[in-house]
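Architecture at a glance
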Amino acid sequence: MLESCVRDELNTTAPRVMAVFKPIRVTVESSEETLPFTVSVPNIPGQEGSHDVTIRDTFYIDGSDFRVTADKDYRRLSVDQTVGLKHVGLVATVVSHTTDGNGTTQLTVKLDKLKGDNKPKAFIQWVGDGTVAEVREYSRLF
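A brief report on the enclosed structure follows.

Rules used in this analysis
Along each chain, residue indices are assigned from 1 in the same order as the chain's sequence is written. Only residues with pLDDT of at least 70 are given local features in this predicted model, and only at 80 or more are side-chain atom pairs given and counted; all residues enter the totals for whole chains, interfaces and linings. Values reported for side chains reflect all heavy atoms of the structure, with hydrogen atoms and water molecules removed beforehand. Among the buried residues, those of types Ala, Val, Leu, Ile, Met, Phe, Trp, Tyr and Cys that are joined through side-chain atoms within 4.5 Å form a nonpolar core. To sort residues, take the accessible area from a 1.4 Å probe on protein chains only and compare it with the maximum for the residue type: under 20% means buried, over 50% means exposed, and anything in between is partly exposed. To qualify as a helix, a DSSP run of H or I must reach at least 4 residues; to qualify as a strand, a run of E must reach at least 2; elements of each kind are numbered from the N terminus. Note on contacts: a residue pair qualifies if any of its non-hydrogen atoms lie within 4.5 Å across the two residues. Salt bridge criterion: a side-chain nitrogen from Lys or Arg within 4 Å of a carboxyl oxygen from Asp or Glu. Paired strands, as defined in this entry, are two strands with at least two bridges between them according to DSSP. Think of it this way: a Phe, Tyr or Trp ring, Trp meaning its six-membered ring, pairs with another when their centres are within 6.5 Å, and the plane angle makes it stacked under 30 degrees, edge-to-face over 60, tilted otherwise.

Let's shift gears to the nonpolar core. Ranked by internal contacts, the top residues of the largest apolar core, which has 24 residues, are Phe59, Ile61, Leu85, Val88, Leu107, Leu111 and Trp126. Taken together, the elements giving at least two residues each to this core come down to β1 (23–31), β2 (37–42), β3 (50–55), β4 (58–62), β7 (83–85), β8 (90–100) and β9 (103–113). In contact with isoleucine 61, other than residues within four places in its own chain, are Val20, Lys22, Pro23, Ile24, Val26, Phe66, Leu77, Leu107, Ile124, Gln125 and Trp126.

Next up on the list: the pattern of salt bridges. A side chain with one charge can pair with a side chain of the opposite charge if their charged atoms come near. All told, the structure shown has nine salt bridges when counted by the stated rule. Between arginine 67 and aspartate 71 there is a salt bridge, with the nearest N and O atoms lying 3.4 Å from each other. In this structure, aspartate 112 and lysine 110 form a salt bridge, with 3.8 Å as the shortest nitrogen-oxygen distance. Exposure remark for lysine 110: the relative accessible area of 35% places this residue in the partly exposed category.

Attention shifts here to the side chain of aspartate 65. If you trace the backbone, aspartate 65 turns up in the loop between β4 and β5 (66–67). Given a relative accessible area of 10%, aspartate 65 falls into the buried group. Excluding anything up to four places from it in sequence, aspartate 65 contacts Tyr74, Arg76, Leu77, Ile124 and Gln125.

Attention now goes to the sheet that holds β9. One open sheet accounts for six strands, arranged β4-β1-β9-β8-β7-β10; its pairing is mixed. At either end of the open sheet lies a strand with only one pairing partner, and these are β4 and β10 (123–124). Sheet topology places β7 next to β8; three bridges connect them, and they run antiparallel. Bridge pairing links valine 83 to alanine 92 in β8.

Below, the discussion takes up unusual backbone geometry. Here the bond from leucine 35 into proline 36 is cis, since omega is 0°, no more than 30 degrees from zero. Mapping proline 36 onto the fold places it in the loop between β1 and β2. Of note, the phi angle at histidine 87 is positive, near 75°, even though the residue is not glycine. With respect to the helices, strands and loops of the structure, histidine 87 is situated in the loop between β7 and β8.

Moving on to the packing of aromatic side chains. Applying the stated criterion across every chain, the model contains one aromatic pair. Judged by centre distance (6.2 Å) and plane angle (75°), the ring pair of phenylalanine 59 and tryptophan 126 falls under edge-to-face. Of the two residues, phenylalanine 59 is situated in strand β4 and tryptophan 126 in the segment after β10; the sequence distance between them amounts to 67 residues. When its relative accessible area of 1% is taken as the criterion, phenylalanine 59 is described as buried. The exposure class of tryptophan 126 is buried, given its relative accessible area of 2%.

Have a look at this one:
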């Protein structure tokens, strides 16, 4: 109950930003859209106020948003599955990936404009011009 009340309050008062905890560098090999370009993203969905984000030929996604092979329930980016990039109307397709002992470290992708025939199963967050920040992640309260 308390968690639900906190979530309801923060949903209308806390500004939104995109963040990645385990960054994977993504390099764009080709794009139907001229890069870089900037889009306006709402600070709080459904309310006034926004901030600009710029997507360039290099950006970052979270490590949990990529797998080399995807099972049937996985809805994010993989070698054989496309994914949409939140707010920019682009669909990413993996061209190649680099892996070391710690996992995937770099991806090369092709970006296509979102159309009716290439609608992905999901959209993921990405970060272009990153800022180092302290993040406190809490588990469930009860």
